[in-house]
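# Observations on chain architecture
Here is what each chain is made of, one letter per residue.
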Amino acid sequence: MTTEQSSVTPSTGKLVIAWALVGVPLGYGVYETLTRVAALFG
Amino acid sequence: MGWLDRERTIAPPGFNRWLVPPAALAVHLCIGQAYATSVYKTALVKHFGASLTEVGVIFSIAIVMLGLSAAIMGTWVDRNGPRKAMFTSAAFWASGFLIGSLGIFSHQLWLVYLGYGVVGGIGLGVGYISPVSTLIKWFPDRPGLATGMAIMGFGGGALIASPVSTALLKMYDPNSGAKGWVASGESVGKLFLTLAVVYLAYMMFGAFTIKVPAEGWKPAGFDPAKVKAASLVTTENVSARNAVKTRQFWLVWIALFCNVTAGIGILEQAAPMIQDFFRQTDGTSLASAAVAAGFVGLLSIGNMSGRFAWSAISDVTGRKRIYMVFLGVGALLYTVLALAGSTTTVLYVALAFVIISFYGGGFATAPAYLRDLFGTFQVGAIHGRLLTAWSAAGVAGPLIVNAFLDAQGKPGALNAASYQPALLTMVGLLVIGFVANLLVTPVEARFHEPRAGRVRSEEPALEA
C-alpha cells in the first residue's frame, strides 16, 4: 500500500517554532564565529 | 516506556516531513558540543594539576566511545526507532555532564573520564546515528540534503557551545575580570551542570518532535524508478550483519578513514599551524593569536557548511563522484598547501577552508552513500559500524601529525617546511582513499535480503 503526501498541511506554526528553536541558536553561533573571523581579514 | 516505541511515533497522514530535520538538528547541535572542549581545557589542566595530554584524554575517550557505541547500538537504534534512541542519547549525554561535574567538584579526574568520556561518549554515538535512518526514509528523493542538514548540526554545535560556555564561565567565576584569567574548576563544574539541563531539554524537544513515516509512504511526485537510474543505487536491502561482509563496506570505510584522518590533521593543529606557516626568520609570526583564532573559527564554518553543501550536491552528482572530489581534489589541494601554502595567507586560508569543507562533506554524505549501496533496511546500523572509521582516524590523524612535528622541532620554532612531511603523508592517505572509492561497485545479489517469493541463493560468506 502506498500513501502519498497530497498537500502542504496546516502546520506552518509548528514548523516556524521548530526551525526557530534550532535556527536562532545556530545563527547566533555563526554570528559570534564570524566576528572572530573578522580578525583574519582586518 | 511504551510511549517511546517506534509504533507510537508513526506519523499521521498529512504530517509535514520538514518537521523532522529540526528534530534531528536539535540532537546534533547538542552533541556537537564535543568540538568545543578547548574552551575549558586550560581550566581543567589547572584545576586537576594535570598535563594537557591527561585532560585531552577526556575528549579522546568520548570519540572512541562514539564510534564503539554507534557500531554496537546501531541495530538497536534501527529496531527501536529514533524517539527511543534520542531519549537514550539525551539521558547519557546529560548524565555524562552530571558525572563529569561531580568529578570536577570532587577533584577526581577519573570521574570526568567516566562521565564525559564514557557515559557522554555513548550519548554521542547513539545521538549521532539516531535520526539518520529516519531522515533517509522521509527524504528518499533527497537523502544527501536531509542527512547533510542533521550532520551539519554536529559541526554547528561547537559554534554555539563555544561562545555560550565562555560567557557562562565568566558569569560563574568572580575573578573573570583578572588579567590572564583562567576559569576556576568550580565554574567549569557549574558550566557542566548548566549544559546538562539545557541539552536534556533541547534533545527532548527533538525526541518528541521526530516521527517515522508510515509503511509505504513516499513524498508526492516521487518516482523510485528515477532513483534506480543511477548505477550504484540499489532498490534492494542488505542487513547490517551482511553489509560488513561486503568489499563495498570496507572500501567506503577506508575512503572515510582517509578523508577524516587528513582533515583531523589540520583541525587539530589549526591555530599553531597558521602561525608556524608564516613564521619569520627572527621567530615571530605574521599571524597573531587573534588571527589564528579567526582562522579556527573560519575552519569551523567550513566544516559545518561543507557538511550541508557537499551532501546536498551529492544528490545531483552521486555519492561516488563527490567522494572522488573529496579525496582526489583534496589530495591536490593538500599538495599545494604543503608546497606553496606559505606564499600568501589568502591562499593558505582558502586551501584550508576547502579542505575542511571536504572533511565535513565526507561525514555528511556517508549515510546517503550507504543507503545507495545497501538500501534503507538497516542503514542506521550500517552507518554506526562505519563510524568506527572516525574513531580510528581520531587516533591516527593526530598521531601522524604530532609524530612528524615532534621530529621537526619544538612548538614555537616550527615553520612551513616543518609541516611538509606530515602534509605529504596526508596526500598519500587521500590517494589510497581515492583508489578505494574508485573500486566501489554495486553489492552482489547474494547479500540482498530475500523478498517475498524469492530466496537467497546461498548464505553470504566473508568476501575474499
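Residues numbered from 1 in each chain as written. Chains lettered and ligands numbered in written order. Predicted model: local features only at pLDDT ≥ 70, side-chain atom pairs only at ≥ 80, totals over all residues. Heavy atoms only, no water.

### Brief notes about the overall build of chain B
- A tally of helices and strands in chain B yields 16 helices and one strand.
- Whereas a compact globule of 464 residues would reach a radius of gyration of roughly 23 Å, chain B reaches 22 Å, a difference of no more than 12%.
- Judged by the C-alpha coordinates and their principal axes, chain B covers about 75 × 50 × 40 Å.
- Out of the 464 residues in chain B, the part that is buried amounts to 57%.
- Restricting the contact set of chain B to residue pairs at least 6 apart, pairs at least 24 apart contribute 83%.
- Only carbon and sulfur atoms are counted for the fraction: they give 66% of the accessible area of chain B, which is about 17400 Å².
- The positive charge centre, built from 32 side chains, and the negative charge centre, built from 21, are 4 Å apart in chain B. (Helix = DSSP H or I, 4+ residues; strand = E, 2+ residues; numbered from the N terminus. Rg over C-alpha atoms; globule rule 2.2 N^0.38 Å. Buried < 20%, exposed > 50% of the residue type's maximum accessible area, 1.4 Å probe, protein only. Contact = heavy atoms within 4.5 Å. Areas by Shrake-Rupley, 256 points an atom, 1.4 Å probe, with all protein chains shown as cover. Lys, Arg positive; Asp, Glu negative; His and termini not counted. Charge placed at Lys NZ, Arg CZ, Asp CG, Glu CD.)

### As for the interface of chain B and chain A
- Tallying the contact residues gives 37 residues for chain B and 26 residues for chain A.
- For the pair chain B and chain A, the summed buried surface comes to about 2700 Å²; carbon and sulfur atoms form 71% of the total.
- Applying the counting rule to chain B against chain A returns zero salt bridges.
- Taken together, the elements giving at least two residues each to the side of chain B that touches chain A come down to α1 (20-31), α6 (143-172), α7 (185-209), β1 (217-218) and α11 (289-317) of chain B.
- A total of nine residues in the side of chain B that touches chain A trace back to one element, the largest contributor, which is α11 of chain B.
- For the side of chain B that touches chain A, the class distribution of residues is 27 nonpolar, seven polar and three charged. (Buried area = accessible area lost by both parts, 1.4 Å probe. Salt bridge = Lys/Arg side-chain N within 4 Å of Asp/Glu carboxyl O. Nonpolar A, V, L, I, M, F, W, Y, C, P; charged D, E, K, R; others polar.)

### What to know about the domain arrangement of chain B
Residue and element names in this part refer to chain B.
- When the domains of chain B are assigned, the result is domain 1 (1-214) and domain 2 (224-449).
- The straight-line distance from the C-alpha centre of domain 1 to that of domain 2 is 23 Å.
- Counting residues at the interface gives 31 residues for domain 1, matched by 31 residues for domain 2.
- Between domain 1 and domain 2 lies a buried interface of about 2600 Å² when both sides are counted; carbon and sulfur atoms form 69% of it.
- Here domain 1 and domain 2 share zero salt bridges between them.
- At the boundary of domain 1 and domain 2, one finds 12 residue pairs in polar contact (both at pLDDT 80 or more).
- Breaking the side of domain 1 that touches domain 2 down by element, the ones donating at least two residues are α3 (52-105), α4 (109-129), α5 (132-138) and α6.
- At 12 residues, the largest contribution of residues to the side of domain 1 that touches domain 2 is made by α6.
- Across the side of domain 1 that touches domain 2, the residue classes tally to 19 nonpolar, nine polar and three charged. (Domains from an automatic or database assignment. Polar contact = N/O pair within 3.5 Å; in protein donor to acceptor, adjacent residues only side chain to side chain.)

### Some details on the packing of aromatic side chains
All names here are of chain B.
- Per the stated rule, a full pass over the model turns up 29 aromatic pairs over all chains.
- Ring plane angle 10° and centroid distance 5.5 Å describe the contact between W253 and F257, whose orientation is recorded as stacked. One end of the pair is W253 and the other is F257, both in helix α10 (residues 247-277) and four residues apart, which spans about a single turn.
- Ring pairs connect the aromatic residues Y35, Y128, F154, Y359, F363 and W390, which therefore count as one cluster. (Phe/Tyr/Trp six-rings, centres within 6.5 Å; stacked < 30°, edge-to-face > 60°.)

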